[in-house]
Amino acid sequence: MNRARLLVFNPVLSVLDYRVPDGMAVEPGSVVIAPLGPRQLLGIVWEPERLPGDAVPEAKLRPLLELLPVPPLPAPLRRLIEWTADYYVAPMNAVARMAIGSMAALRGGGTTTEYRLSGLEPKRLTPQRAAAMDALHGEQASIRELAEYASVSDGVLRGMVSAGLLEPVTVDLDRPYPRARAEHHQPELSEDQQRAATRFVEAVAARTFQPFLLDGVTGSGKTECYFEGIAEALRLDRQVLVLLPEIALTENFLRRFEARFGVPPVLWHSSLKASERRRAWRSIVSGQAQVVVGARSALFLPYRNLGLIVVDEAHEISFKQDDGVRYNARDVAVIRAKFESIPVILASATPALESMQLAEAGVYEKIELPARFGGAELPSITTVDLRTEQPARGKWLSPRLVAEMQERLERGEQSLLFLNRRGYAPLTLCRHCGYRFQCPNCSAWLVEHRFTRRLACHHCGHQTATPEECPECHTPDCLVACGPGVERIADEVTELFPEARVAVVTSDTLNSPEKINAFVAAAEEKLIDVIVGTQLVTKGYHFPDLTLVGVVDADMGLEGGDLRAGERTYQQIAQVAGRAGRGEKPGEVLIQTRHPEAAVIAALAKGDRDAFYSAETEARRDAGAPPFGRWAAIIVSSEDEAEARDAARAIGGARPTVQDVLILGPAPAPLSLLRGRYRYRLLINARRSVQLQDIIREWLGQLNFPQSVRVGVDIDPYSFV
Ligand SMILES: [Zn+2]
Ligand SMILES: [Zn+2]
């Protein structure tokens, strides 16, 4: 091979040809450095017939500069990158970017210096050093990472190094991970679990593509079943990828994993330290990493020898990425398994309707776990009709829910109140002039956070201190909170039960693994009586003395721009209901609603999952929605409103006329201003048989837009804000 076609990481160019210098052996998948003008860029050698581009004449070819010392990206991964780019109408280099680690990871080798507390106890400390000593207990990282962690400057920590309070540690960047053992601790499985586990073991041993839907109520022991599939992969010396939705929430999972296999798995998520990320990437590439547990971004890594993929909580919306490459990790996981010829297990207590349909059609093998493990019973669920059982004025908890909480407090049991809204109140206004606090960057209200005394935008992160007076009419103390957030519910609980120990659980309060662990420990030791939380509390936890779940506002999820609002509401409430009664004591769930007759609420109250799925199936069929029809969205944005509108109109004006394709819009997006960009949307609804991606590619391909306009395509969108 004396000529190579590269997929390069450049926003404008994506395909370039080069000459392979003598003595450099490249093959498809090789990662190389190439010249571009005076600069250097990273590229992946690709099969030219799969990567169309203008061939550069022989005489003009420039030589490649360097072949990086990593194994070539395997062919199944290259096919996955092509498929993902094609299906989601995304640039191929943007997809390939997700497979590549940092430059440091690509070069490999060497050591780095990290720091940790030396154990020296000085007599006197500055307040900053004292705070750092507290924060850094048990930590080891680079000075910069430690400084960020302890919220002090690098200078403070460098001073502590000089004073001998912090000591340097030389870290081998490529040190191997301890080996997991398939037979470390074999659990006792129920008959149903054993049946499921046996199927997974067979499928892993067979080394062929086989998708499974593992469908079991919360607490039925799905994890133990797929752990047996993992054990078989370990015996065969093959790698396993486990995708989890909220990686921060995995403490409970990690403990169970370690109990089963003797060591923790290799982690992959966005808050890894640079050295951990590098080590993980290199061990994944070399095949040394046996089991990788990660967020959706772990899906595109270059596993050397993958034998099984598990997607746990497969219905979770966080598997859908909503910016950059807009892909759904659950769906791409199945495609990866197909290219790798391995089994894939989608596990859920509330599977997505799309997954249920594929199971019914026989594409997925469905494995059911009907009962809760250890004989624990499912909680009893009742609705509270807020139209007749009204909370006190300005309050949110109905008398019946309050009475049930009172009983739990008297019995020394725990209650959980669920409201999927962070902060104190979703809208703050001036009582005097009616002024409303709006985000300057987004068409959204600022949410009051009373703990931190700030008003925050939940879309762009804009924050401002809560003012003492109205910025419009300057009346002091005139701001009123409208609507409930978890902090406000926690206040209401404290007013009702001043003795109760209340914990607020949101991504604001539990924003690190340490804080999550501290919360879990406090709840397990019964140092908490009432948990008030967002969807963060809907999964993963087992608190045996938690016997009451109150859903504060079941109707909230049915509003807004979610194309699967009914399904999502069902999943969230079913998941949070599953937190009740996980021990020997039975659980009870109260759902507060103004629409007890709505299909989703009625199905929840009856505990009739089939009724929900059949009502939702009918509604989707009528609407031509997935899985019966297809959706796509085109999102146009610019910092200039007129420019965004003109581009959206140009797209609308060029709309193709195709049978069985309905194009709606352009219209301002519900969130018409986001992070300072004005947004317009078009929604496309088509029959299943239509080649939607080809139509969109051809449609947009004939148009040109100013550089400052972004045009994004969202295939199978979840959100329509
Ligand atoms: Zn005012
Ligand atoms: Zn904002």
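Here goes a summary of the coordinates provided. (Residues numbered from 1 in each chain as written. Chains lettered and ligands numbered in written order. Predicted model: local features only at pLDDT ≥ 70, side-chain atom pairs only at ≥ 80, totals over all residues. Heavy atoms only, no water.)

## Things to note about the coordination of the zinc ion (ligand 1)
To keep it simple, the criterion reads: Note on donors: an N, O or S atom is included if it sits within 2.8 Å of the metal, or within 3.2 Å for Na, K and Ca, and water is never included, so sites can look incomplete. A site with four donors is called tetrahedral when every donor-metal-donor angle falls between 85 and 135 degrees; four donors are called square planar, and six octahedral, when opposite donors sit more than 155 degrees apart and all other angles fall between 65 and 115; any other arrangement is irregular. Per-residue accessibility, obtained with a 1.4 Å probe over protein chains only, is compared with the maximum for each type, and a residue is labelled buried under 20%, exposed over 50%, and partly exposed between these values.
Around the zinc ion (ligand 1), the protein contributes the donor atoms Cys430 (SG), Cys433 (SG), Cys470 (SG) and Cys473 (SG), which lie 2.2 to 2.4 Å from the metal centre. With four donor atoms in place around the zinc ion (ligand 1) and angles of 107 to 111° between them, the coordination shape is tetrahedral. Donor residues binding the zinc ion (ligand 1) come from one chain and are separated in sequence as C-x2-C-x36-C-x2-C. What makes Cys430 buried here is its relative accessible area of 1%. Residue Cys433 is classed as partly exposed on the basis of its relative accessible area, which comes to 37%.

## Considering the pattern of salt bridges
To be explicit about the condition: Here, a salt bridge means any side-chain nitrogen of Lys or Arg that lies within 4 Å of a carboxyl oxygen of Asp or Glu.
Counted under the stated rule, the structure contains 50 salt bridges. For the salt bridge of Asp322 with Lys320, the shortest nitrogen-to-oxygen distance reads 3.5 Å. Residue classification places Asp322 among the partly exposed residues on the basis of a relative accessible area of 40%.

## Observations regarding the coordination of the zinc ion (ligand 2)
Rules: Secondary structure follows DSSP: runs of H or I at least 4 residues long count as helices, runs of E at least 2 residues long count as strands, and numbering of each begins at the N terminus.
Surrounding the zinc ion (ligand 2) are the protein donor atoms Cys439 (SG), Cys442 (SG), Cys457 (SG) and Cys460 (SG), which sit 2.2 to 2.4 Å from the metal. In primary-sequence terms, the residues that donate to the zinc ion (ligand 2) follow C-x2-C-x14-C-x2-C. Remark: Cys460 occurs in the loop between strand E19 (454-456) and strand E20 (463-465) and Cys439 occurs in the loop between strand E17 (427-430) and strand E18 (447-449); sequence separation between them is 21 residues. You can call Cys460 partly exposed: its relative accessible area is 25%.

## Structural notes on the sheet that holds E19
Cut-off, in case you're wondering: A pair of strands counts as paired when DSSP detects no fewer than two bridges linking them. Only C-alpha atoms enter the line fits that serve as axes; for helices the fit covers just the stretch in contact. Angles between N-to-C directions range over 0 to 180 degrees.
As summarised here, the arrangement of the three strands in space is E18-E19-E20, forming an open sheet in which the pairing is antiparallel. Only two strands of the sheet have a single partner each, and these edge strands are E18 and E20. Averaged over all neighbouring strand pairs, the angle between strand axes comes to 30°, with direction disregarded. Note: E18 against E19, three bridges, orientation antiparallel. Along E19, the bridge assignment pairs Glu448 with Leu455.

## Topic: empty space enclosed by the protein
Using the following cut-off: Grid points spaced at 1 Å and placed over the protein atoms alone form the basis of the search, with a cavity being a set where a 1.4 Å probe fits but cannot get out and a pocket an open set showing protein on both sides within 12 Å along at least five of seven lines. Lining residues have an atom within 4 Å of a point. Grid points are joined across faces, edges and corners, and a volume is the space filled by probe spheres set on the points. Lys, Arg, Asp and Glu make up the charged group, whereas Ala, Val, Leu, Ile, Met, Phe, Trp, Tyr, Cys and Pro make up the nonpolar group; the residues left over, Gly among them, are polar.
For the structure shown, the criterion picks out three cavities of 30 Å³ or more. Size it by volume and the largest cavity reaches roughly 100 Å³. If you trace the largest cavity, you find 10 residues lining it, with His315, Glu316, Ile317, Arg568 and Gln572 closest to the centre. The residue inventory of the lining of the largest cavity, partitioned by class, reads one nonpolar, six polar and three charged. The volume enclosed by the second largest cavity comes to roughly 70 Å³. In terms of lining residues, the second largest cavity is bounded by His315, Ile317, Arg330, Ala352, Asp562, Arg564, Glu567, Arg568, Gln571 and Tyr718. Residue contributions to the lining of the second largest cavity peak at three residues, all from helix H16 (residues 565-577). Grouping the constituent residues of the lining of the second largest cavity by class yields three nonpolar, two polar and five charged.

## Quick word on the pairing of strand E9 (residues 239-243)
The buried fraction of E9 amounts to five of the five residues, a majority that puts the element mostly inside the structure. Residues Gln239, Leu241 and Leu243 line one face of E9 and the alternating positions Val240 and Val242 line the opposite face, and both faces are buried. Inspection of the sheet shows E9 paired to strand E12 (residues 306-312) by five bridges, in the parallel sense. Looking at E12, one finds that Val240 is bridged to Leu308. In this sheet, strand E11 (residues 291-294) lies alongside E9 in parallel orientation, the contact comprising four bridges. Paired with Val242 across the bridge in E11 is Val293.

## Some points on the sheet that holds strand E22 (residues 502-505)
Just so we agree on the cut-off: When checking whether two residues touch, look at their non-hydrogen atoms; a contact exists if any pair is within 4.5 Å.
Taken together, the six strands give an open sheet; going across it, the order is E15-E25-E24-E16-E23-E22, and neighbouring strands pair in parallel fashion. Single-partner strands in this sheet number two, and they are strand E15 (380-385) and E22. Along the sheet, successive strands turn relative to each other by an average axial angle of 20°, direction set aside. Relative to strand E25 (residues 588-593), E15 is paired through six bridges, and the arrangement is parallel. Residue Ser380 lies in a different strand from E25, and its bridge partner there is Glu588. The strands touched by helix H17 (residues 599-606) within the sheet are E15 and E25, with E15 carrying the most contacts at an inclination of about 140°.

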